[in-house]
Amino acid sequence: MCAAMKRDRKAEILEVAGRLFETSGGRAFSMRSIAAELGISVGNLTYHFPQKKDLLEAIMRDRHERCRAMPPPATLSELDCFFRALLHRRTQSPPFELCNAPETARELQKLAADHISELLAGALDALEAAGLLRPDPARPAVEQALLALLLLGRPAEAFGPDPTPEETRRCVWGVLGLLLTGTGRIELEKVI
């Protein structure tokens with residue numbers, strides 16, 4: 001009974017903390033605000049997650065596991081929504097540097113990159129099967145270029161003002177457009 005209550009409390013903490021993280025960013029919420037939202041003491045919260053960094057790591061791992069259960073985008077419209085969501089999240093402060101150790105931050109970044117890569121490959125497979133994407137020996141290189149754009153942005157973003165998701169999204173579609181069939185280009189016009 002106690003172990004089940006402990007798991008439920010931990011899951012409840014992750015849910016509330018994840019929601020607060022989503023609305024205010026990793027640096028903007030505190031253990032005190034999470035405890036207040038849950039109606040528990042800070043001591044009770046730190047029993048489950050001794051530091052804010054521990055809680056952020058748990059949020060990222062939980063999100064990763066939830067995302068792994070999602071199927072890859074299967075249409076150009078779904079893929080565009082996927083691109084928009086990724087690019088929007090990239091403009092928010094990345095939580096990885098808030099982790100306890102650089103090794104953990106790298107591990108979480110790699111988990112996210114691997115998962116995005118899997119979803120992207122699955123989406124391109126689905127588009128190819130639907131006749132919207134042509135088979136091409138350059139596809140692995142295009143996938144890597146897309147992954148770099150989605151995770152890191154355009155080179156101009158590194159030296160210029162804040163990232164602009166819309167410009168990067170257009171760039172992503174420009175790269176992917178190299179592999180679209182005629183039918184794929186027509187469908188893309190309806191999406192963007």
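Residues numbered from 1 in each chain as written. Predicted model: local features only at pLDDT ≥ 70, side-chain atom pairs only at ≥ 80, totals over all residues. Heavy atoms only, no water.

Here we come to the packing of helix α7 (residues 139-152) against helix α9 (residues 165-176). Between α7 and α9, the shortest axis-to-axis distance is 10 Å and the interhelical angle comes to 180°. If you check the angle between α7 and α9, you find them roughly antiparallel. From α7, Val142, Ala145, Leu146, Leu149 and Leu150 reach across to α9, where they touch Thr168, Cys171, Val172, Val175 and Leu176. Tallied by class, residues from the contact of α7 with α9 come to nine nonpolar, one polar and no charged. (Axes fitted to C-alpha atoms, helices over the stretch in contact; angles between N-to-C directions. Helix = DSSP H or I, 4+ residues; strand = E, 2+ residues; numbered from the N terminus. Parallel < 35°, antiparallel > 145°, perpendicular 65-115°, else oblique. Contact = heavy atoms within 4.5 Å. Nonpolar A, V, L, I, M, F, W, Y, C, P; charged D, E, K, R; others polar.)

With respect to the element layout, leucine 146 can be found in helix α7. Sequence separation between leucine 146 and valine 175 is 29 residues, and the spatial gap between their C-alpha atoms is 7.1 Å. Sequence-distant contacts of leucine 146, defined by excluding residues within four places in its chain, comprise Leu120, Val172, Val175 and Leu176.

Inspection of the entire model under this criterion finds two aromatic pairs. Here phenylalanine 83 and tryptophan 173 contribute two aromatic rings whose centre-to-centre distance is 5.2 Å and whose plane-to-plane angle is 65°, an arrangement assigned as edge-to-face. With phenylalanine 83 in helix α5 (residues 76-91) and tryptophan 173 in helix α9, this pair connects stretches of sequence that are 90 residues apart. We note that phenylalanine 83, like tryptophan 173, is buried. A connected cluster of aromatic rings, assembled from ring pairs, spans Phe82, Phe83 and Trp173. Over the aromatic face of phenylalanine 49 sits the side chain of lysine 10, whose NZ or CZ is 5.3 Å from the ring centroid. (Phe/Tyr/Trp six-rings, centres within 6.5 Å; stacked < 30°, edge-to-face > 60°. Buried < 20%, exposed > 50% of the residue type's maximum accessible area, 1.4 Å probe, protein only. Lys NZ or Arg CZ within 6 Å of the ring centre and 35° of its normal.)

Spatial relationships are all this shows, so hold off on functional conclusions.
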